[in-house]
Amino acid sequence: MAKIEDFNFNGKKAIVRVDFNVPLDENGNITDDTRIRGALPTLKKILADGGSLIIMSHMGKPKGKVNPKLSLSQIKDAVAKALGTDVKFAPDCAKASEAAAELKPGEVLLLENLRFYPEEEGKPVGIDKNDPAYDDAKKAMKEAQKDFAKTLASYADVYVNDAFGTAHRRHASTAVIADYFDKQDKMLGYLMEKEVNAVDNILKNIQRPFTAIMGGSKVSTKIGIIENLMDKVDNLILCGGMTYTFAKAQGGKIGDSICENDKLDLALNIIKMAKEKNVNLVLGTDCVAADAFSNDANTQICQNNNIPDGWEGVDAGPDSVIAFRDVIVPAKTILWNGPAGVFEFDNFAKGSKAIADAIVEATANGAFSLVGGGDSVACVNKFGLADKVSYVSTGGGALLEAIEGKTLPGVAAVAE
Ligand code: AMP
């Protein structure tokens, strides 16, 4: 695989897959431009070398149909401003040959939303999975996806994938397109490299002790990662809503707390697995219980296994916070995914804030800390601590799959 740092884009046309799936308000204004800023090092390097740039991305879920509300034309000016140069726009991403051919060094072309074409995702549309004709439709779509990827590839000499957020998908622009470039002409962008290195630090260059903190609402969505981490971590904190599935599985009374009743065996199995693998499982003992799912609810501190009816656990309690700190502060490798409570309500954000503070302290003492996967990123942003941890991942599903130990198609495709 080529390396972007060593590559000279002078006189080359580069097609770059970025993740410009930015949130827009009802007037089409960008409300958070983090994803655009994230791709700038790659885009600027190509332009600075004297290359020309074809930028492609998806936005939202148009499901293979043109939808003006999800048009990337809305972000053209913001991209131009961020790059400090004009940006041309191709209103049909599959018919941009001429516009691409006309690009001169230093010029930029932004393609319309890739997902206006069903070929991008490669899933047949308008046919049910149980329909006997589905398999044939799927095969035909896979062929159409190759043609679509080939068309995109024909615009450029070089392919760069800098879209970590979609790296776990084998889409036309994230993976299939790479088949149409020689090994020396395809590579990861800077953002992708950073993400991949951060995951490698967590999975391969572990400095001990290694503490992972898994929170959020459900154990069922995190089980793949929990199982993979069991072979690697010294300490595993399980917190947030999943706490009460564990408390109930162990015979506790959890009042009205969130619980996955069909996952009680799974919870017991995780406890057993931790014992067998010598992992210090930290479940916390107490919680803040509320009498309503509201920031203004009445609260009391309860033991996790003794919550009265009419009350639900909504945040980690003071003893739990001490137990969490005890294994976070001395850690040298830290992974955090998922809040310790309903952090969206300020009154139930204390447990998550304490975890964030402990991670910041450990990081200041030399630990490598990776925060990622949706809500924990929102957490560190809410507390203004994002720049005090080692790395905040931009990838939700992609990060979680990478940590589960799965190979990401978007990374593998450029390495092949
Ligand atoms: P997840 O998407 O599984 O990472 O879960 C994140 C969500 O879990 C956040 O929106 C939190 O509000 C929610 N959550 C965390 N702790 C609890 C809890 N004790 N009860 C209900 N929801 C919770």
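Residues numbered from 1 in each chain as written. Predicted model: local features only at pLDDT ≥ 70, side-chain atom pairs only at ≥ 80, totals over all residues. Heavy atoms only, no water.

### Some points on unusual backbone geometry
With an omega of 5°, the peptide bond running from Arg208 to Pro209 counts as cis. Mapped onto the fold, Pro209 is located in the loop between helix H6 (190–203) and strand E8 (210–214). Here Lys63, not a glycine, exhibits a phi torsion of approximately 55°, which is positive. Along the chain, Lys63 falls in the loop between strand E3 (52–56) and helix H2 (76–83). Residues other than glycine seldom take positive phi values, yet Asn278 does so here, at roughly 60°. (Helix = DSSP H or I, 4+ residues; strand = E, 2+ residues; numbered from the N terminus.)

### Description of the site of the ligand
Around the ligand, the structure places 14 residues, and the nearest of them are Ser217, Lys222, Gly313, Glu344 and Asp375. Between Lys222 and the ligand, the recorded distance is 3.0 Å, taken from a side-chain N or O atom to an oxygen atom. Within the complex, the protein chains bury 82% of what would otherwise be the 510 Å² of accessible surface of the ligand. Its residues placed into classes, the shell around the ligand shows five nonpolar, six polar and three charged. (Near = heavy atom within 4 Å. Polar contact = N/O pair within 3.5 Å; in protein donor to acceptor, adjacent residues only side chain to side chain. Areas by Shrake-Rupley, 256 points an atom, 1.4 Å probe, with all protein chains shown as cover. Nonpolar A, V, L, I, M, F, W, Y, C, P; charged D, E, K, R; others polar.)

### Some points on the pattern of salt bridges
What the rule picks out here adds up to 20 salt bridges. The salt bridge partner of Arg170 is Asp179, with a shortest N-O separation of 3.9 Å. Relative accessible area serves as the criterion here: at 48%, Asp179 is assigned to the partly exposed category. For Lys253, the salt bridge goes to Asp309, with nearest N and O atoms at 3.9 Å. With Lys253 in strand E10 (residues 253–254) and Asp309 in the loop between strand E14 (306–307) and strand E15 (312–316), this residue pair connects regions lying 56 residues apart in the sequence. With a relative accessible area of 39%, Lys253 lands in the partly exposed category. (Salt bridge = Lys/Arg side-chain N within 4 Å of Asp/Glu carboxyl O. Buried < 20%, exposed > 50% of the residue type's maximum accessible area, 1.4 Å probe, protein only.)

### A short note on the pairing of strand E12 (residues 286–290)
Most of E12 is tucked away, with five of its five residues classed as buried. Across the two faces of E12 the burial is the same, with Asp286, Val288 and Ala290 and Cys287 and Ala289 all buried. Relative to strand E13 (residues 299–303), E12 runs antiparallel, the two sharing five bridges. Paired with Val288 across the strands is Ile301, a residue of E13. As paired elements, E12 and E15 share four bridges and run antiparallel to each other. Note on E15: the bridge partner recorded for Ala289 is Gly313. (Pairing = 2+ DSSP bridges.)

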